[in-house]
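Analysis of the macromolecular model
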Amino acid sequence: MDLSGVAALLLDMDGTLVDSDAAVERAWTTWAGEHDVDPDAALAVAHGAPAPTTVRRLRPDLDEAAVAVAAARQLALQYDDLTDVTALPGAADLLAVLARLGLPWAVVTSADTRLAKARLAAAGIDPPLLVTADDVAAGKPDPEPYLAAAARLGVPATHCLVVEDSTTGLAAGRAAGARTAALRGLDGDLRLRDLVQLAHLLDR
């Protein structure tokens, strides 16, 4: 894919810039045990989506008030668990290239603001723009998070590259009209081995 027309990067957080897999799995496993849900089922659908969305999928019997309480509990399990949370390999390389090229970028995450800031700080990443679940009415796979980030950067979404590691996030990027770069063997306009590869492609 030709990246010469990319005017901004919109980067997912968990699994893309930040390695938080162990913390996420610990939180959902604990939550599942408390809410009569199969832990494997929870882990199969939790990645890349806001907590309330996942709770609704796992416990469709809950009303909205109960969903809110259950989602708040799930997030509470994650806020202070920053053990093993680090920047993923290649993140520093990519951000250095973006700075050198002067390319605008943002982190667009399904986490809420408190959790996003905690994990990014633990990973040593300070994004110029952060769009979280608190900033939008509809989370991924809805395109709103990526459309909001593009608008705040002043770049048309069609000129943005969305970098994701989940099918939910890639669907959001495509729906926003952006080009997509996929990690973890997923399908996007560009399939990436890691962020080092993306850094090299942009720096040509």
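Figured I'd write up the structure that's included with this text.

Some points on the layout of surface pockets
- The space that makes up the largest pocket amounts to roughly 200 Å³.
- If you trace the largest pocket, you find 15 residues lining it, with Pro-50, Ala-51, Pro-52, Thr-53 and Ala-133 closest to the centre.
- Tallying contributions element by element places helix H3 (residues 51-58) first for the lining of the largest pocket, with four residues.
- Grouping the constituent residues of the lining of the largest pocket by class yields nine nonpolar, three polar and three charged.

Here we look at the environment of Ala-99
- Here Ala-99 is to be found in helix H5 (residues 91-101).
- With 56 residues separating them in the primary sequence, Ala-99 and Val-155 have C-alpha atoms 17 Å apart.

Details of the sheet that holds strand E6 (residues 160-164)
- Spatial strand order, E5-E4-E1-E6-E7-E8: six strands in an open sheet with parallel pairing. The open sheet terminates on both sides in strands that have one partner only, identified here as strand E5 (130-131) and strand E8 (190-191).
- Sheet analysis places strand E4 (residues 105-108) next to E5, joined by two bridges and oriented parallel. Bridge assignment links Val-107 to a residue of E5, and that residue is Leu-130.
- Taken strand by strand, helix H7 (residues 144-153) contacts strand E1 (8-11), E4, E5 and E6, and its axis lies near 155° from that of E4.

Some remarks on empty space enclosed by the protein
- Tallied over the entire structure, the rule returns two cavities of 30 Å³ or more.
- Of the voids in this model, the largest cavity is the one considered here, and its volume is about 230 Å³.
- What lines the largest cavity is a set of 20 residues, and nearest its centre among them are Asp-14, Ala-46, Gly-48, Ala-49 and Ser-110.
- Per-element accounting of the lining of the largest cavity gives the leading share, three residues, to helix H4 (residues 64-79).
- Of the residues assigned to the lining of the largest cavity, the class counts are nine nonpolar, six polar and five charged.
- Its volume calculated, the second largest cavity comes out at about 40 Å³.
- For the second largest cavity, the full set of lining residues is Pro-50, Thr-109, Ser-110, Thr-132, Ala-133, Val-136, Gly-139, Lys-140 and Pro-145.

About the thresholds
- Sequence order sets the numbering: in each chain, residues are counted from 1 along the sequence as written.
- The predicted origin of the model limits local features to residues at a pLDDT of at least 70 and limits the giving and counting of side-chain atom pairs to 80 or more, whereas totals for whole chains, interfaces and linings rest on all residues.
- The side-chain figures draw on all heavy atoms in the structure; neither hydrogens nor water molecules are used.
- Put simply, the grid is 1 Å and covers the protein atoms alone, a cavity is a trapped set of points that fit a 1.4 Å probe, a pocket is an open set with protein on both sides within 12 Å along at least five of seven lines, and lining residues have an atom within 4 Å of a point.
- Grid points are joined across faces, edges and corners, and a volume is the space filled by probe spheres set on the points.
- A helix here means a DSSP run of H or I that spans at least four residues, while a strand means a run of E at least two residues long, and both kinds are numbered starting from the N terminus.
- Here the nonpolar group is Ala, Val, Leu, Ile, Met, Phe, Trp, Tyr, Cys and Pro; Asp, Glu, Lys and Arg are the charged ones; every other residue, Gly included, is treated as polar.
- Between any two strands, pairing holds if DSSP finds at least two bridges.
- In what follows, residue pairs with any heavy atoms lying within 4.5 Å of each other are defined as contacts.
- Angles run from 0 to 180 degrees between N-to-C directions of axes, and those axes are lines fitted to C-alpha atoms, restricted for helices to the stretch in contact.

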